[in-house]
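Residues per chain are reported as follows:
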Amino acid sequence: MNWNPHDLGKLADGLKYNVPPGTHPIVLHQLGDGSDQIDRLFWGYKPEWYKRSPVINARLDTILKKSPMWRSLLGQRVLVPADGWFEWTGETGDKQPWYIHSKDDSPLYLAAITAWQPDKENDVEHGFAIVTDTSAGGMVDIHDRRPVVLAPEAAREWTSPDNSVAAALELLSTARPETAFTWHPVTRQMSNVKYQAPNTDHPTAI
């Protein structure tokens, strides 16, 4: 199995339409022996000493300030492949989900870091967090933050164990811009984390 996005659907347990934090999304990496690997890792990270809820996103500004939370993980870089991601607007109890995706419908590669270790439990202590940055342009109206989405070439370099941490962090500044994406409202059933149906990304009236 290689990293071709068209091959990911051949995984034994299939692809998901609704992938919330606390589940095990597909992750691409070159950890361990340096070869291309496809795993399902826990989305969320909570080291033993951390007293709060698991962290699902690693803010880019915090990473660049050399936060001790993330410093030890920067050598463990992974990708989360996706067709798009979801954000919500509106008041609590009346949230409207939105689907954000590439204008050309190309696969997305979300930069992430992980505490994965070989032969360790696939749990929150060895989970991952997606790197996020501030939004710009019209995307701010949907959410003030967004995942760092890398172009395919930069995505490959991000995971390379031959790349230094400094070189990898420079790749984050090459993230695809907001102008590369479009978004539309989708069914409110998406707010149910158990909802799995092909219409999760279909446009709907607000």
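Scroll up to find the structure.
I will try to describe carefully the structure that is included in this document. (Residues numbered from 1 in each chain as written. Predicted model: local features only at pLDDT ≥ 70, side-chain atom pairs only at ≥ 80, totals over all residues. Heavy atoms only, no water.)

Side note on the packing of aromatic side chains
We count it as follows: For Phe, Tyr and Trp, where Trp contributes only its six-membered ring, two rings pair if their centres lie within 6.5 Å, and the inter-plane angle classes them as stacked under 30 degrees, edge-to-face over 60, or tilted in between. Each helix is a run of DSSP H or I of at least 4 residues and each strand a run of E of at least 2, with the numbering of both proceeding from the N terminus. Burial status follows relative accessibility: with a 1.4 Å probe on protein chains alone, a residue under 20% of its type maximum counts as buried, one over 50% as exposed, and anything between as partly exposed.
Across all of its chains, the model carries five aromatic pairs by this definition. With a centroid separation of 6.3 Å and an interplanar angle of 10°, the aromatic rings of Trp43 and Phe128 are classed as stacked. Of the two residues, Trp43 sits in the loop between β2 (37-40) and β3 (57-59) while Phe128 sits in strand β8 (residues 128-134), which places them 85 residues apart along the sequence. Each member of the pair, Trp43 together with Phe128, is buried. Ring centres 5.8 Å apart and planes at 85° place the aromatic pair Trp49 and Tyr50 in the edge-to-face group.

Re the pairing of strand β4 (residues 77-82)
Condition: Two strands make a pair as long as DSSP finds a minimum of two bridges between them.
In terms of burial, β4 is a largely internal element, five of the six residues being buried. The pairing of β4 with strand β7 (residues 108-114) spans six bridges and is antiparallel. Each bridged residue has a counterpart across the sheet, and for Arg77 the counterpart in β7 is Ile113.

Some details on the layout of surface pockets
To find leftover empty space, one rolls a probe the size of a water molecule over the atoms. We count it as follows: A pocket, in this scheme, is an open set of points on a 1 Å grid over the protein atoms alone with protein on both sides within 12 Å along at least 5 of 7 lines, while a cavity is a set where a 1.4 Å probe fits but cannot get out; residues line either one if an atom lies within 4 Å of a point. Grid points are joined across faces, edges and corners, and a volume is the space filled by probe spheres set on the points.
Roughly 1,300 Å³ of volume is contained in the largest pocket. Taken together, 45 residues line the largest pocket, and the ones lying closest to its centre are Val19, Ala82, Gly84, Trp85 and Phe86. Within the residue set of the lining of the largest pocket, elements represented by two or more residues are β4, β5 (84-89), β7, β8 and β9 (145-147). Per element, the largest residue contribution to the lining of the largest pocket is five residues, and it comes from β5.

Here's the deal with the sheet that holds strand β11 (residues 181-185)
As a reminder of what qualifies: Note on geometry: axes are lines fitted to C-alpha atoms, helical ones only across the stretch in contact, with angles between N-to-C directions running from 0 to 180 degrees.
The antiparallel open sheet is built from three strands, whose spatial order is β5-β6-β11. Strands with a single pairing partner mark the edges of an open sheet, and in this sheet they are β5 and β11. In this sheet, adjacent strand axes meet at a mean angle of 30° when their direction is disregarded. In terms of strand pairing, β5 meets strand β6 (residues 96-102) through six bridges, oriented antiparallel. Bridging from a neighbouring strand, Thr89 pairs with Gln96 of β6.

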